[in-house]
Amino acid sequence: EVPLVESGGGSVQAGGSTRLSCEVVGNIQRVQCFGWFRQAPGERREGVAQINTLGGGGHYIGPVQGRFTISRNGANNATYLEMNNLRPDDTAMYFCATRSRGYGCLAWDFDNWGQGTQVTVSS
């Protein structure tokens, strides 16, 4: 029923790493872009990383650049977010998202959303 399902995350020590996964399980049209978003307590949701299924590398917001890496599988029905050197302020609910239309993946306009997975980074 939910088209995207996230997994991974959990409790991680500061400086540690984790890897989030997102699987397309519902009937979604062709995926143009995969994205990861997060929402920390008391803060607004923000885009974190996105990748174009037509090729090319990921695009990241400044606070995670150099620490997080987004990737996808060859069938374009899964995306992953590798998170390294985690900080306590990375603590948030992380959401997977897709966009099914268009050709670019530089904006943060996404159509389909997962339920989220919690990442808690302890000092």
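None of the values given here were measured: they were computed from a predicted structure.

**Here we look at unusual backbone geometry**
Here is step 1 of the chain: Backbone geometry at asparagine 76 places phi at a positive 55°, although glycine is not the residue there.
Here is step 2 of the chain: Inspection of the secondary structure puts asparagine 76 in the loop between strand E7 (68–72) and strand E8 (78–83).
Here is step 3 of the chain: You can call asparagine 76 partly exposed: its relative accessible area is 21%.
Here is step 4 of the chain: You will see that asparagine 85, though not glycine, has its phi angle at about 50°, which is positive.

**Concerning the side chain of threonine 117**
Here is step 1 of the chain: On the secondary structure map, threonine 117 appears in strand E11 (residues 117–122).
Here is step 2 of the chain: Judged by relative accessible area, threonine 117 falls into the buried class, the value being 9%.
Here is step 3 of the chain: In contact with threonine 117, other than residues within four places in its own chain, are Glu6, Ser7, Gly8, Leu20, Ala92, Met93 and Tyr94.

**Some remarks on the environment of methionine 83**
Here is step 1 of the chain: With respect to the helices and strands, methionine 83 occurs in strand E8.
Here is step 2 of the chain: C-alpha separation for the pair methionine 83 and glycine 102, spaced 19 residues apart in sequence, amounts to 28 Å.
Here is step 3 of the chain: The residues contacting methionine 83, other than those within four sequence positions of it, are Gly16, Ser17, Thr18, Leu20, Arg67, Phe68, Tyr94 and Val119.

**Observations regarding the state of the cysteines**
Here is step 1 of the chain: Inspection of every chain in the model, using the stated rule, returns two disulfides.
Here is step 2 of the chain: One disulfide in the model links cysteine 22 with cysteine 96; its S-S distance is 2.0 Å. Between cysteine 22 and cysteine 96, the S-S dihedral sits near -75°, and the bridge is therefore left-handed. Of this pair, cysteine 22 sits in strand E3 (residues 18–24) while cysteine 96 sits in strand E9 (residues 92–99), and the two are 74 residues apart along the sequence. Cysteine 96 shares its class with cysteine 22; the two are buried.
Here is step 3 of the chain: In this model cysteine 33 forms its disulfide with cysteine 105; the gap between the sulfur atoms is 1.9 Å. With the S-S dihedral at roughly -85°, the linkage between cysteine 33 and cysteine 105 falls on the left-handed side. Taken together, the residues span a long stretch of sequence, with cysteine 33 in strand E4 (residues 33–39) and cysteine 105 in the loop between E9 and strand E10 (112–113) at a distance of 72 residues. Pair check on accessibility: cysteine 33 and cysteine 105 agree, each one buried.
Here is step 4 of the chain: In the protein, the bonded cysteines, numbered by position in the sequence, are linked as 1-3, 2-4.

Reading the values: the criteria
- Residues numbered from 1 in each chain as written.
- Predicted model: local features only at pLDDT ≥ 70, side-chain atom pairs only at ≥ 80, totals over all residues.
- Heavy atoms only, no water.
- Helix = DSSP H or I, 4+ residues; strand = E, 2+ residues; numbered from the N terminus.
- Buried < 20%, exposed > 50% of the residue type's maximum accessible area, 1.4 Å probe, protein only.
- Contact = heavy atoms within 4.5 Å.
- Disulfide = S-S within 2.5 Å.

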